[in-house]
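Observations on the model geometry
Letter by letter, the chains look like this.
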Amino acid sequence: FGVMTALYLREYAKQGRLVSIIRISVNNLAGVPSIVYGVFGLGFFAYILGGTIDQMFFAERLPNPTFGTGGLLWSSLTLALLTVPVVVVATEEALAAVPRSMREGSLACGASKWQTIRYIVLPRAMPGIMTGLILAMARGAGEVAPLMLVGVVKLAPELPIDGFFPFIHLERSFMHLGFHIYDVGFQSRNSEAGKPMVFVTTLLLVCLIALMNMWAIFVRNRLKRKYMGSQF
């Protein structure tokens with residue numbers, strides 16, 4: 001969604017005051033503290049959307065909420081809102097870096113606007129787009145504050161993924177490495193005894209984020225070599 005939004009703003013939208021206001025808003029959203037997204041996710045996704053779903057499809061379970069409380073689905077959507085502005089900003093910069101002469105040359109050869117974007121602009125902007133995805137992924141993977149409001153628990157009685165249909169239960173709460181570090185290191189009665197667990201969990205979280213970033217950087221570098229080499 002972030003890439004599609006940036007593509008529309010840069011290539012299709014008529015540049016004017018409205019587009020400028022949207023860009024300023026997106027830039028502001030990229031700097032909003034993550035806890036604000038957590039409060040918004042709790043109020044809008046869990047209470048409003050989740051409460052509506054419960055009244056329509058799970059009325060027999062009320063007053064015990066099914067989707068009207070924190071869960072995997074609302075946490076995912078909250079993190080999506082958190083990371084989309086970063087992707088939009090980075091993608092717009094990558095699209096703007098593609099020379100205008102390449103667009104004009106493609107159009108002069110008879111290609112349509114969408115063909116020009118698909119075969120000329122997007123491939124050469126892909127390394128920059130991947131950079132935005134890496135930044136967004138790194139930010140989302142390390143966030144704990146919004147998840148504490150919309151789904152993370154200290155001990156989940158049931159995992160969101162199990163062997164029973166539908167296999168992925170979006171309404172269930174889940175555990176998170178970052179929250180585990182916070183709970184063991186700062187909320188336990190004997191923090192000294194929990195230090196080894198904190199260090200191991202921290203190392204595991206850092207390694208997971210590093211592996212995801214290394215994979216994304218590898219893909220970005222391959223795309224960069226492929227399309228930068230094709231320009232000569």
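Residues numbered from 1 in each chain as written. Predicted model: local features only at pLDDT ≥ 70, side-chain atom pairs only at ≥ 80, totals over all residues. Heavy atoms only, no water.

It is the contact of helix α2 (residues 17–30) with helix α4 (residues 72–97), at a shortest axis distance of 8 Å, that shows an interaxial angle of 125 degrees. Between α2 and α4, the crossing angle belongs to the class labelled oblique. Considering how the two elements wind past one another, α2 and α4 form a crossing that is left-handed. Together, Arg23, Val26, Asn27, Leu29 and Ala30 of α2 and Pro85, Val86, Val88, Val89 and Glu92 of α4 make up the contact between the two elements. Class assignment for the residues of the contact of α2 with α4 results in seven nonpolar, one polar and two charged. (Axes fitted to C-alpha atoms, helices over the stretch in contact; angles between N-to-C directions. Helix = DSSP H or I, 4+ residues; strand = E, 2+ residues; numbered from the N terminus. Parallel < 35°, antiparallel > 145°, perpendicular 65-115°, else oblique. Left-handed = near helix turned anticlockwise from the far one by under 90°. Contact = heavy atoms within 4.5 Å. Nonpolar A, V, L, I, M, F, W, Y, C, P; charged D, E, K, R; others polar.)

Before going further, it helps to spend a moment on α4. Relative to the 38 Å expected for 26 residues at 1.5 Å per residue, α4 spans 37 Å between its end C-alpha atoms, a close match to the ideal helical length. Within α4, the axis deviates most sharply at Thr83, by approximately 30 degrees, and proline Pro85 lies no more than four positions further along. (Expected span 1.5 Å × (residues − 1). Bend = angle between axes of the 7 residues up to and from the residue.)

Together, Phe40, Phe44, Tyr47, Ile48, Leu49 and Leu81 give the surface a local cluster of nonpolar side chains, amounting to about 540 Å² of exposed area. By residue number, the principal contributor to the nonpolar patch is helix α3 (residues 34–57), which donates five residues. As for its position among the elements, Ile48 is in helix α3. In this structure Ile48 comes out as partly exposed when scored by relative accessible area, which is 46%. (Patch = residues over 30% accessible without salt bridge, like charges linked within 9 Å, V, L, I, M, F, W, Y side chains within 5 Å. Areas by Shrake-Rupley, 256 points an atom, 1.4 Å probe, with all protein chains shown as cover. Salt bridge = Lys/Arg side-chain N within 4 Å of Asp/Glu carboxyl O. Buried < 20%, exposed > 50% of the residue type's maximum accessible area, 1.4 Å probe, protein only.)

This part covers the pattern of salt bridges. Pairing between side chains of opposite charge can happen when their charged atoms approach one another. The tally for this structure, following the rule as stated, stands at eight salt bridges. Two residues, Arg103 and Glu11, come together in a salt bridge whose shortest N-O distance is 2.7 Å. Here Arg103 is found in helix α5 (residues 100–108), whereas its partner Glu11 is found in helix α1 (residues 2–12), with 92 residues between them in sequence. Both residues of the pair, Arg103 and Glu11, belong to the buried class. A salt bridge links Arg172 to Asp162; the nearest nitrogen and oxygen atoms lie 2.9 Å apart. Within this pair, whereas Arg172 is found in the loop between α7 (145–150) and α8 (177–187), its partner Asp162 is found in the loop between α7 and α8, the two being separated by 10 residues in sequence. Classification of Arg172 as buried rests on a relative accessible area of 17%. Salt bridges sharing partners connect three or more residues here, namely Arg10, Arg23 and Glu92.

With that settled, the discussion passes to α3. Since one α-helical turn is 3.6 residues long, residues separated by three or four positions face the same way. Residue Gly50 marks the point of greatest curvature in α3, where the axis turns by about 30 degrees. Burial in α3 covers these residues: Ser34, Tyr37, Gly38, Gly41, Phe45, Ala46, Gly50, Gly51 and Asp54. On its buried face, α3 sits against α2, α4, α6 (113–142) and α7.

The subject of this paragraph is the environment of Gly43. On the secondary structure map, Gly43 appears in helix α3. Spatially, the C-alpha atoms of Gly43 and Ala145 are 15 Å apart, while their sequence positions differ by 102 residues.

Below, the discussion takes up the packing of α1 against α4. Packing of α1 against α4 brings their axes to within 8 Å, and their N-to-C directions diverge by 45 degrees. Classified by the angle between their axes, α1 and α4 sit oblique to one another. The hand of the α1/α4 crossing is right-handed. Of the residues in α4, those in contact with Gly2, Val3, Thr5, Ala6, Leu7, Leu9, Arg10 and Glu11 of α1 are Val84, Val87, Val88, Thr91, Glu92, Leu95 and Ala96. Of the residues assigned to the contact of α1 with α4, the class counts are nine nonpolar, three polar and three charged.

Following Leu62, the chain continues into Pro63 via a peptide bond in cis, with omega recorded as 10 degrees. A cis amide bond links Phe165 with the next residue in sequence, Pro166, at an omega value of 5 degrees. Looking at the element boundaries, Pro166 is found in the loop between α7 and α8. The phi dihedral of Phe167 is positive, around 75 degrees, even though this residue is not glycine.

Read these as layout, nothing more, since geometry by itself doesn't imply function.
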